[in-house]
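# Coordinate inspection notes
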Amino acid sequence: MGRRILNDALRTIVNAEKRGKATAQLQPVSNVMAAFLRVMKNRGYIKDFQVFDPHRVGKITVELQGRIADCRALMHRQDIKARDIQEFTTRTLPTRQWGYVVITTPNGILDHEEAIKQNVGGQVLGYFH
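All residue numbers here refer to positions counted from 1 along the written sequence of the relevant chain. Per-residue local features of the predicted model are confined to residues with pLDDT of at least 70, and side-chain atom pairs are confined, for both listing and counting, to 80 or more; whole-chain, interface and lining totals are unaffected and use all residues. The basis for the side-chain values is all heavy atoms of the structure; hydrogens and waters are excluded.

- Looking at an unreviewed UniProt entry, one finds the protein chain named Small ribosomal subunit protein uS8c and attributed to Colocasia esculenta.
- Taken verbatim from the UniProt record of the protein chain, the Subunit (unreviewed entry) comment is "Part of the 30S ribosomal subunit."
- UniProt positions are given in the numbering used here, feature names are shortened, and annotations may be inferred rather than shown by experiment. Of the comments in the UniProt record for the protein chain, the one headed Sequence similarities (unreviewed entry) reads "Belongs to the universal ribosomal protein uS8 family."

In structure tokens:
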């Protein structure tokens, strides 16, 4: 159920980017979704996001920047070891120059570069480029 909500939110962002919109409204809210968006913000793919009323249904407003070509959540569970992250990113991302794979690790939700630096593995949530 949680991955489907995340995938719907990411597809909403991609569709808003393709239509040239400045913002996207995401609903419902989850902590994983907010952490995924935080990774996207830190890497410069979105300007900012704000969470409204997170304890109920809530919504997230995302300010878009126009850099996202594709963004997806993996619907199946994909466990990955720290030594296999580089191989997985080469298979998943179109080129090595841009794009990030987001992984949930014991250290929190990280992109693949941070996970390699910290030498931790986990479950792949999705990717964006």
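Picking up where we left off.
## Side note on the overall build of the protein chain
- On a plain count of helices and strands, the protein chain comes out with four helices and eight strands.
- When its helices and strands are written in sequence order, the protein chain yields α-β-α-β-β-β-β-α-β-β-α-β.
- Throughout, the radius of gyration refers to the C-alpha atoms, and the reference size of a globule is 2.2 Å times the residue count to the power 0.38. In terms of overall dimensions, the protein chain is globule-like: its C-alpha atoms have a radius of gyration of 14 Å, near the 14 Å expected for 129 residues.
- Viewed in the frame of its principal axes, the protein chain has a C-alpha envelope of about 40 × 30 × 25 Å.
- For the exposure calls, accessible area comes from a 1.4 Å probe over protein chains only, and a residue counts as buried if that area is under 20% of its type's maximum, exposed if over 50%, partly exposed in between. Counting over 129 residues, the protein chain shows a buried share of 43%.
- By the convention used here, residues are in contact when the closest approach between their heavy atoms is within 4.5 Å. The long-range fraction of contacts in the protein chain, counting pairs at least 24 apart against all pairs at least 6 apart in sequence, stands at 61%.
- For the accessible areas, the method is Shrake-Rupley and the probe is 1.4 Å, while residue cover comes only from the protein chains on display. Summing over all exposed atoms, the protein chain offers an accessible surface of approximately 7500 Å²; the carbon and sulfur share of this is 45%.
- Distance between charge centres in the protein chain, computed from 20 positive and 12 negative side chains, equals 3 Å. The way it works is that DSSP assigns letters per residue, a run of H or I at least four long becomes a helix, a run of E at least two long becomes a strand, and they are numbered from the N terminus. Counted as positive: Lys and Arg. Counted as negative: Asp and Glu, with His and the chain ends omitted from the count. Charged groups are reduced to one reference atom each: NZ for lysine, CZ for arginine, CG for aspartic acid, CD for glutamic acid.

## Quick notes on the side chain of R3
- Mapped onto the elements, R3 comes out in helix α1 (residues 2-18).
- Of the side chains with opposite charge, D79 comes closest to the buried, unpaired R3, at an N-O distance of 6.6 Å.
- Polar side-chain contacts of R3 include one of 2.9 Å to the side chain of Q123.
- The residues touching R3, leaving out its near neighbours within four places in the chain, are A73, L74, M75, H76, R77, Q123, V124 and L125. Every case where a carboxyl oxygen of Asp or Glu lies within 4 Å of a side-chain nitrogen of Lys or Arg is listed as a salt bridge. N or O atoms closer than or at 3.5 Å make up a polar contact, with two conditions inside protein: a donor-capable atom paired with an acceptor-capable one, and, for residues adjacent in sequence, both atoms drawn from side chains.

## What about the pattern of salt bridges?
- Within the structure shown, the criterion is met by eight salt bridges.
- The salt bridge partner of R91 is E87, with a shortest N-O separation of 4.0 Å. Of this pair, R91 and E87 both sit in helix α3 (residues 85-92), four residues apart, which is roughly one turn of the helix.
- Across the salt bridge formed by E114 and K117, the nearest N and O atoms sit 3.8 Å from each other. Taken together, the residues span about one helical turn, with E114 and K117 both in helix α4 (residues 112-118) at a distance of three residues.
- According to the relative accessible area criterion, E114 is partly exposed, its value standing at 26%.
- Judged by relative accessible area, K117 falls into the exposed class, the value being 66%.

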